Amino acid sequence: MEVHGGKIEGPFTVDRDLTIHGMVAGRATVRPGCKLLLHGMATSDLVVEPGAHATVHGKVNGTVINEGGTVEIHGMVGAVADTAPSSRTVIAHGAVVTGQP
């Protein structure tokens with residue numbers, strides 16, 4: 001898995017397995033078959049496409065939009081929206097969801 005620190009200008013597409021310790025300035029989208037471990041921050045929405053996997057340990061200022069992938073939230077997010085029956089979203093004990101989509 002590739003590891004990235006520092007700032008990434010968005011919109012940003014995750015098209016490989018990636019760990020981010022820095023910041024995505026804007027919207028981030030995780031493509032099918034890819035995994036994202038977010039330890040840093042996304043300043044806008046995080047979109048998880050069908051067959052993708054995202055684990056949020058950091059912060060998403062916008063909405064985590066699960067379009068049919070797998071999402072684990074351990075950190076802080078603005079809101080969560082599952083938009084497909086195949087979506088699987090787990091919000092861990094201690095995670096913070098600050099609003100509604």
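Before reading on, note that the structure itself is shown above.
Conventions we followed
- Residues numbered from 1 in each chain as written.
- Predicted model: local features only at pLDDT ≥ 70, side-chain atom pairs only at ≥ 80, totals over all residues.
- Heavy atoms only, no water.
- Pairing = 2+ DSSP bridges.
- Helix = DSSP H or I, 4+ residues; strand = E, 2+ residues; numbered from the N terminus.
- Axes fitted to C-alpha atoms, helices over the stretch in contact; angles between N-to-C directions.
- Core = buried A, V, L, I, M, F, W, Y, C linked by side-chain atoms within 4.5 Å.
- Buried < 20%, exposed > 50% of the residue type's maximum accessible area, 1.4 Å probe, protein only.
- Contact = heavy atoms within 4.5 Å.

K.L.:
Looking at this structure, how should I read the sheet that holds strand E12 (residues 70-73)?
P.N.:
Two strands in a sheet stick together by hydrogen bonds in their backbones, pointing the same way (parallel) or opposite ways (antiparallel). If you trace the six strands from one edge of the open sheet to the other, you get E1-E4-E7-E10-E12-E14, paired in parallel fashion. Only two strands of the sheet have a single neighbouring strand rather than two, namely strand E1 (2-4) and strand E14 (88-91). Direction aside, the axes of adjacent strands within the sheet are offset by 10° on average. Summarising the sheet, strand E4 (residues 18-20) and strand E7 (residues 35-38) pair through three bridges and their orientation is parallel. Paired with Thr19 across the bridge in E7 is Leu37.

K.L.:
What am I meant to see in unusual backbone geometry here?
P.N.:
Trans is the prevailing form of peptide bonds, just as negative phi is the prevailing case for residues other than glycine. The amide bond that connects Gly10 to the next residue, Pro11, takes the cis arrangement and shows omega of 5°. Tracing the backbone shows Pro11 in the loop between strand E2 (7-9) and strand E3 (12-14).

K.L.:
What should I look at first to understand the nonpolar core in this one?
P.N.:
It is characteristic of soluble globular proteins that their nonpolar side chains tend to be buried jointly. Within the largest apolar cluster, 24 residues are counted, with the highest numbers of intra-cluster contacts made by Ile20, Val30, Leu36, Leu46 and Val60. Filtering out sequence-adjacent residues up to four positions away, Val60 remains in contact with Leu38, Ala42, Ser44, Asp45, Leu46, Met76, Val77 and Gly78.

K.L.:
Would you mind going over the environment of Val71 with me for this structure?
P.N.:
Secondary-structure assignment places Val71 in strand E12. Taking the relative accessible area as the measure of exposure, Val71 reaches 0% and is therefore buried. Along the chain, Val71 and Asp82 lie eleven residues apart, while their C-alpha atoms are 9.7 Å from each other. With residues up to four places along the chain from it excluded, the contact list for Val71 reads Val48, Ala54, Val64, Asn66, Arg88, Thr89 and Val90.

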